[in-house]
Structures are given as C-alpha cells and as structure tokens.
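Take a look at the letters that make up each chain.
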Amino acid sequence: MTESTGGIDFEDEDASGVIKKFMFVNRKAPYGTIYALESLEVVLISAAFDQDVSLAFLDDGVYQIVKGQHTKAIAMKNFSPTYRALEGYDIEKLYVEKESLDQRGLTEDDLLVDVQVMSSAEMAKMMSEQDVVISF
Amino acid sequence: MKFAIMVNEGVYQHQSTDTAYQFVKAAFEKGHEVPRVFFYHDGVYNANSLTEPPQDDRNIVTRWAKLAQEHNIDMVVCVAAALRRGIKEENLAEGFRISGLGQLVEAGIQADRLVVFGD
C-alpha cells in the first residue's frame, strides 16, 4: 500500500483544510517507561499537520518538564530540552494541572518551559473542548 | 460513526489489546466503521508474526488479521516504535503494514472519534 494512506474509507476524503483541536495528555514520569519519550515523537509529527495542538501535563507527567534533569546515571537520553523546542514548531499551548504540582511540592518556577497552570476543573473543561485527546 | 483506534500495549501482558479488539468488533456489529487501527508503544507487538500462544489460548495476532480482512481495516504499525522492539517487514504479521506516525494524526483528523486503548 502507499505511504499516504491505505484506509479505504479515508482514501477519497480530502482532509486538507480541516483543523482539529488535538490535546496530548502526559500523565507519566519521563523515565521508568517509554510513554513520555514516544509521546513527544507524536507531538512533533502532529506539528506537520497544521492542527491546533496543545499538551497537558498532570499526575507524574509534570515531572517531564521539571528543570535540571540529569540522566547520565541511568544511561538514558535526557530528552527534556525538546520541550523547549516545541515553540519552534508553533506548539505553544502547554497546560499543567495545579493539583499535580502541589501534590509533588512543585511550582511553576520548577518548570523548564512557559506553561499555563490551571485547576483540575479548568483542565477538565479544556479537555472537553478538544476534538482529539490522546493520553499517554 | 467513523472510529479510529490506537492500541498502545503489548499482547497477553495487558488487556487493552483485547479490549480494543472487542471494541472494534462490536463497532462493526453496530454498523459503525473503523477504517484504521494504529499500533504504537508496545502495541506494535500485536503485529509480530513470531507470536505463538499456547493452543488453548486466543491468538491475538491472527485474530486481528482476520478481523481486518473481513472489514477491510487498515492496520498500521508505527515504524519507529516497531524497529525499537524488533518488529520488521520480515516478521510482520499478515494484515498489518508499517508506516509513520503521520498515519495516526491523519486518522485523528479524518475520524469522528479517535479511541485510545492503553495505560
């Protein structure tokens, strides 16, 4: 099959011009599992599709954007600088749940990117307004 | 309704792959469409042709292939996630194809709902 799409029902539709609100929800610590790293790969690809992309960080996912990550001792790549590069891909909507920060003794100053901190209720509202929510 | 499905967990280890399969099957039974299933993270193991479960257990890999053939589902395995885990063309199960993450984003744009199965 071709690279473009093999989807029978997708094939004859022209998706160009459709802009959907995509939210990537990051709930897991950056190391320990590969979810965070592979999530970031999807986010970067999504930038090529001219969609309305946002990222949400909650639960242990807030650790993904904490400053001062040193991963040498666990022999893993420190991919946290990539979050700083998102701006260059026009991905500027980064939302962080306040309760998740509070529970972990973190504040906005501990984060390596500019984010919008919001309550759990505001986050829920934000999620309900999305077209596509992909949770990692 | 047109559903796109994302499967993020491996076979046998985790139920989400079973749940995804049952969901797709039920969707067709109710008259919905599922044009594409996208496999990511450990979900790429769903496409490993070397999988050999005990005879009295379900075969998750061939079960997908059968469903895909019946309903013409495009089953796509992420290339980067697959290579990391040793899934290549040479051990890619029937009914699957390897492609890029763009196929996931495209499915999200074109489907009415994208449903994610995983932790």
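Refer to the preceding data block for the structure.
Residues numbered from 1 in each chain as written. Chains lettered and ligands numbered in written order. Predicted model: local features only at pLDDT ≥ 70, side-chain atom pairs only at ≥ 80, totals over all residues.

(A) How the structure looks around helix α1 (residues 16–29) of chain B. Residue and element names in this part refer to chain B. In this model, α1 (14 residues) spans 20 Å end to end at C-alpha, consistent with the 20 Å of a helix rising 1.5 Å per residue. Along α1, the residues that are buried comprise T17, A20, Y21 and V24. Seen along its axis, α1 keeps its buried residues to an arc of 100 degrees; they face one direction. Facing away from the buried side of α1, by more than 90 degrees, are the exposed residues Q22, A26 and E29. Elements in contact with the buried residues of α1: β1 (2–7), β2 (33–39), α2 (60–71) and β5 (113–117). G31 occupies a position one or two residues after α1 and carries a positive phi of about 90 degrees. (Helix = DSSP H or I, 4+ residues; strand = E, 2+ residues; numbered from the N terminus. Expected span 1.5 Å × (residues − 1). Buried ≥ 20, exposed ≤ 12 C-beta atoms within 10 Å, placed from the backbone. Arc of directions from axis to C-beta. Contact = placed C-beta atoms within 7 Å.)

(B) Broad picture of the interface of chain A and chain B. Each side of the interface is counted separately: chain A has 26 residues, and chain B has 24 residues. Listed by contribution, the elements that provide at least two residues to the side of chain A that touches chain B are α1 (8–11), α2 (35–46) and β5 (132–135) of chain A. Among the elements that line the side of chain A that touches chain B, the one with the most residues is α2(A), at six residues.

(C) Region of the structure containing the environment of E41(A). Tracing the chain through its elements places E41(A) in helix α2. Judged by the 16 C-beta atoms lying within 10 Å of it, E41(A) falls in the partly exposed class. Through-space distance from the C-alpha of E41(A) to that of A121(A) is 28 Å; in sequence the pair is 80 residues apart. Once residues within four sequence positions are removed from consideration, E41(A) is found in contact with A80(B) and L101(B).

(D) The environment of N72(B), seen in detail. Residue and element names in this part refer to chain B. Tracing the sequence through the fold places N72 in the loop between α2 and β3 (74–78). Judged by the 13 C-beta atoms lying within 10 Å of it, N72 falls in the partly exposed class. A C-alpha to C-alpha distance of 9.9 Å links N72 and E33, two positions 39 residues apart in sequence.

(E) Highlighting the sheet that holds strand β4 (residues 96–99) of chain B. All names here are of chain B. Strand order in the open sheet formed by five strands is β4-β3-β2-β1-β5, with parallel pairing between adjacent strands. One side of each edge strand has no neighbouring strand; the edge strands of this open sheet are β4 and β5. Going across the sheet, the axis of each strand differs from the next one's by a mean of 25 degrees, ignoring polarity. Across five bridges, β1 lies against β5 in parallel orientation. Across the sheet, the residue bridging to A4 is L114, located in β5. Along the sheet, α1 contacts β1, β2 and β5; its crossing angle with β1, the most-contacted strand, is approximately 170 degrees. Sheet strands touched by helix α4 (residues 102–110): β1, β2, β3, β4 and β5. Its angle to β2, the strand with the most contacts, is close to 150 degrees. (Pairing = 2+ DSSP bridges. Axes fitted to C-alpha atoms, helices over the stretch in contact; angles between N-to-C directions.)

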